[in-house]
Amino acid sequence: MWISPPLPGARHDMGAAREHGIIDALTEHRIRAAADTAYQGAGPTVAVPHRRRRKDPDTGRFRPLSHNQREVNAAHSRRRGPGERVNAELKNWKILRKIRSSPNRAGQLIAAVQTLMIVNT
């Protein structure tokens, strides 16, 4: 689980990960990670779900994923599930909407809470 320290302005997930050297560190140390489709092209160690890309020229619709691709996506979702549940629950916490401490400490606070929540699931 990684949480970006605060950055000025709006940042895309992949941009923040690259700015903090996370993508390079994962690749350098060959650490396997499961991410969402926003991390497409992040490198060989970052697994993302399969996407429907090609359109069928006859119907104009996206071609469905193969059975194997759907099973890989299901396994990927199961691996990411606990972290996604924690993130969804944290968004409901009113105390985190208006953090009254230093914004520089907010990332550490949220990381600690997420770790505790994942351990308890």
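In case you missed it, the structure is sitting above this.
This structure is a prediction, so every number in the text was calculated from the model and none was measured.

**Student:** Is there a simple way to think about the overall build of the protein in this case?
**Tutor:** Within the protein, the secondary structure is distributed over four helices and two strands. Taken from the N to the C terminus, the helices and strands of the protein come in the order α-α-β-β-α-α. For the protein, the spread of C-alpha atoms along the principal axes amounts to about 60 × 30 × 30 Å. Residues classed as buried in the protein amount to 21% of the 121 residues present. A fraction of 35% describes how many contacts in the protein between residues 6 or more apart in sequence connect residues 24 or more apart. Of the roughly 9200 Å² that the protein leaves accessible, carbon and sulfur atoms contribute 52%. In the protein, 22 side chains carry a positive charge and 10 a negative one; their mean positions are 5 Å apart.

**Student:** I'm lost on the nonpolar core in this one. Help?
**Tutor:** One recurring pattern in soluble globular proteins is that nonpolar side chains are buried together. Of all hydrophobic cores here, the largest spans nine residues; its members are M14, A17, I23, L26, A33, A35, Y39, A42 and V46. For this core, the elements supplying multiple residues, two or more each, are α1 (13-19) and α2 (22-28). For M14, the residues in contact, after removing those within four places along its chain, are I23, A38, Y39, Q40, G41 and A42.

**Student:** When you look at the environment of P6 in this model, what are you seeing that I'm missing?
**Tutor:** Along the polypeptide, P6 turns up in the segment before α1. Judged by its relative accessible area of 43%, P6 is partly exposed. As a C-alpha pair, P6 and I110 span 104 residues in sequence and 12 Å in three-dimensional space.

**Student:** Where do I start with unusual backbone geometry in this structure?
**Tutor:** Note: most peptide bonds trans; most residues except glycine with negative phi. For R30, which is not glycine, the phi torsion reads 55 degrees and is therefore positive. Within the secondary structure, R30 sits in the loop between α2 and β1 (33-34).

**Student:** Please explain the side chain of H76 as it appears in this structure.
**Tutor:** With respect to the helices and strands, the residue H76 is situated in helix α3 (residues 67-90). Residue H76 is classed as buried on the basis of its relative accessible area of 10%.

**Student:** Can you help me understand α3 in this one?
**Tutor:** Three or four residues apart is the spacing at which side chains of an α-helix point the same way, because the helix has 3.6 residues per turn. In this model, α3 (24 residues) spans 34 Å end to end at C-alpha, consistent with the 34 Å of a helix rising 1.5 Å per residue. Maximum bend of α3: about 50 degrees, positioned at G81, with proline P82 one to four residues after it. For α3, every residue scored as buried is listed here: N73, H76, R80, G81, G83, V86 and L90.

**Student:** Is there a simple way to think about the pattern of salt bridges in this case?
**Tutor:** Note that side chains of opposite charge can pair when their charged atoms are close. Applying the stated criterion to the full structure yields two salt bridges. Residues R80 and E84 are paired through a salt bridge, measuring 2.4 Å at the closest nitrogen-oxygen approach. With R80 and E84 both in helix α3 and four residues apart, the pair spans about one turn of that helix. On the accessibility criterion, E84 (38% relative accessible area) is partly exposed.

**Student:** Help me out: how do you make sense of the layout of surface pockets in this one?
**Tutor:** Rolled over the atoms, a probe with the dimensions of a water molecule shows which regions are left empty. The calculated volume of the second largest pocket comes to roughly 190 Å³. Lining the second largest pocket are Q40, P49, H50, R51, R52, R53, R54, R63, P64, L65 and Q69.

Cut-offs and rules
Residues numbered from 1 in each chain as written. Predicted model: local features only at pLDDT ≥ 70, side-chain atom pairs only at ≥ 80, totals over all residues. Heavy atoms only, no water. Helix = DSSP H or I, 4+ residues; strand = E, 2+ residues; numbered from the N terminus. Buried < 20%, exposed > 50% of the residue type's maximum accessible area, 1.4 Å probe, protein only. Contact = heavy atoms within 4.5 Å. Areas by Shrake-Rupley, 256 points an atom, 1.4 Å probe, with all protein chains shown as cover. Lys, Arg positive; Asp, Glu negative; His and termini not counted. Charge placed at Lys NZ, Arg CZ, Asp CG, Glu CD. Core = buried A, V, L, I, M, F, W, Y, C linked by side-chain atoms within 4.5 Å. Expected span 1.5 Å × (residues − 1). Bend = angle between axes of the 7 residues up to and from the residue. Salt bridge = Lys/Arg side-chain N within 4 Å of Asp/Glu carboxyl O. 1 Å grid on protein atoms, 1.4 Å probe; cavity = no way out; pocket = protein on both sides within 12 Å on 5 of 7 lines; lining within 4 Å. Points joined across faces, edges and corners; volume = space filled by probe spheres on them.

That's the geometry; what it means functionally is another story.
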